[in-house]
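Reading the structure
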Amino acid sequence: MQPDQAPLALYVHWPFCVSKCPYCDFNSHVREAVDQAAWKDALLADLAHEAAALPGRRLASIFFGGGTPSLMPPATVAAIIDAACRYWPPTENIEITLEANPSSVEAARFADIAAAGVNRVSLGVQALDDGALAFLERAHGVDEALAALGVAQRHFTRVSFDLIYARPGQSLAGWDAELARALSFGTEHLSLYQLTIEPGTRFATLAARGALTLPDGDLAADLFELTQARTRAAGLPLYEVSNHARPGAESRHNLTYWRYRDYAGVGPGAHGRRDGRATVRRRKPENWIAAVDRNGHGVEREDALTPDERVTEALVMGLRMREGVDLARIATLGERTIGDVVRLDTVALLARQGLVARDGDRLALTPAGFPVLDAVLREIAV
């Protein structure tokens, strides 16, 4: 297996939030106090360990995720960016993204965060309806979110924001109006997620009691189709199942994941992929920082991926994108032939049904195929 020499992506996880949202199954935690100096030192130590394991590479992107990384001191953000770019020479157009809540408190930090080196921000707006924001238990209202969006657009060259749709009681007309308003702000990128019930969340508890019901499958499909039509007409077509961008404004960091290239992950619970190995950091913040103090890093597991695992991961990630996957490359990852990667007779059948398209070694979902992505994957995977 030849090592991946494409530029790296770096993910940095900040696990702390002001409150825990009822739909969220991310590694996020509420703590009364955070020792900022200790956390800065620990993240830098974890980063140094990962850099030593991945020498001689270039760095294409950094993504500060969470949790709520806009709660990080800008000086910590700057220190991590500086260290990462010393370990790995950055590409000329390095993308540095930070996730932020659209509150007035966090917006007040945007100038300092931009000065620290962040050039792209992703705002967790989640809805443009105050009732929906209350249902999602977000700490901000629509007016505050839009004010923060305006501040972000003044300080960052690239801005994205998230919305959650297919919420209980949401109509096609309601989502159409909300989405039209979202598109009117002129951002280059939107992440539009259908609400899902994740195990272990408070929404999962409510759903189990029958106190929370999502739109049925037909309405969810209609909402998805409306989303595609609206974003395409506005010049932000789907490039991944839940992400839309102007051409050239795609998240280069996330494309590294979806194209199955190497990425380093540091911080609590962070995952990484390097040279055919999967890395996982300790998840609980206290356990992670204790491990860094003890070992100089927060790695809990580092496992060699089997050819079957690499094929499965590359296929599952790649078919999320409009561009699809290069079957020949995936076959090489698994040390096998294309016919051993996907069921070619099933691919041909799904192509006749209009769900996938194959052009030589390139396989991609069609617009009709994206709503049934999971079913397509089950059918074609060997």
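No experiment lies behind these values; they were computed from the predicted model shown.

**Quick word on the overall build of the protein chain**
- For the protein chain, the helix and strand inventory stands at 15 helices and 15 strands.
- The C-alpha radius of gyration of the protein chain comes to 21 Å, within 12% of the 21 Å expected for a compact globule of 382 residues.
- In the protein chain, which comprises 382 residues, the share counted as buried stands at 52%.
- Carbon and sulfur atoms form 52% of the exposed surface of the protein chain, whose accessible area is close to 16,500 Å².

**Overview of the domain arrangement of the protein chain**
- Taken as a whole, the protein chain is organised into domain 1 (8-259) and domain 2 (307-380).
- Between the C-alpha centres of domain 1 and domain 2 there is a distance of 28 Å.
- At the junction of the two partners, domain 1 supplies ten residues and domain 2 supplies nine residues.
- Summing both partners gives a buried area of about 1,000 Å² for domain 1 against domain 2, and 57% of it is carried by carbon and sulfur.
- The largest per-residue losses of area from domain 1 upon contact with domain 2 belong to Val241, Trp258 and Arg259, which jointly make up 47% of the total buried on that side.
- Inspection of the region where domain 1 meets domain 2 yields two salt bridges.
- Of the charged contacts, one joins Glu240 and Arg320 as a salt bridge, the two residues approaching to 2.6 Å between their closest N and O atoms.
- The interface formed by domain 1 and domain 2 includes seven residue pairs in polar contact (both at pLDDT 80 or more).
- Residue assignment for the side of domain 1 that touches domain 2 shows that the elements contributing at least two residues are strand 7 (238-240) and helix 10 (252-258).
- In terms of residue class, the side of domain 1 that touches domain 2 is built from eight nonpolar, no polar and two charged.

**Describing the layout of surface pockets**
- For the second largest pocket, the calculated volume is near 410 Å³.
- Sorting the residues of the lining of the second largest pocket by element identifies strand 2 (59-66), strand 3 (90-100), helix 10, helix 12 (307-318), strand 13 (325-326) and helix 13 (327-333) as the ones contributing at least two each.
- Element by element, the count of residues in the lining of the second largest pocket is highest for helix 10, at four residues.
- Here the residues of the lining of the second largest pocket are counted per class, giving ten nonpolar, six polar and seven charged.

**Points about the packing of aromatic side chains**
- A full pass over the atoms with the stated rule returns twelve aromatic pairs.
- Pairing Tyr87 with Trp88 gives two aromatic rings, centres 6.4 Å apart and planes at 70°, and the pair type is edge-to-face.
- Judged by its relative accessible area of 35%, Tyr87 is partly exposed.
- Using a relative accessible area of 1% as the deciding quantity, one classes Trp88 as buried.
- The interplanar angle of 65° and the centroid separation of 6.0 Å between the aromatic rings of Tyr239 and Trp258 together place this pair among those described as edge-to-face. With a gap of 19 residues between them, Tyr239 in strand 7 and Trp258 in helix 10 connect regions that are remote in the sequence.
- The rings of Trp14, Phe16, Trp39 and Trp288 are connected pair by pair, giving a single aromatic cluster.

Quick notes on the rules
Residues numbered from 1 in each chain as written. Predicted model: local features only at pLDDT ≥ 70, side-chain atom pairs only at ≥ 80, totals over all residues. Heavy atoms only, no water. Helix = DSSP H or I, 4+ residues; strand = E, 2+ residues; numbered from the N terminus. Rg over C-alpha atoms; globule rule 2.2 N^0.38 Å. Buried < 20%, exposed > 50% of the residue type's maximum accessible area, 1.4 Å probe, protein only. Areas by Shrake-Rupley, 256 points an atom, 1.4 Å probe, with all protein chains shown as cover. Domains from an automatic or database assignment. Contact = heavy atoms within 4.5 Å. Buried area = accessible area lost by both parts, 1.4 Å probe. Salt bridge = Lys/Arg side-chain N within 4 Å of Asp/Glu carboxyl O. Polar contact = N/O pair within 3.5 Å; in protein donor to acceptor, adjacent residues only side chain to side chain. Nonpolar A, V, L, I, M, F, W, Y, C, P; charged D, E, K, R; others polar. 1 Å grid on protein atoms, 1.4 Å probe; cavity = no way out; pocket = protein on both sides within 12 Å on 5 of 7 lines; lining within 4 Å. Points joined across faces, edges and corners; volume = space filled by probe spheres on them. Phe/Tyr/Trp six-rings, centres within 6.5 Å; stacked < 30°, edge-to-face > 60°.

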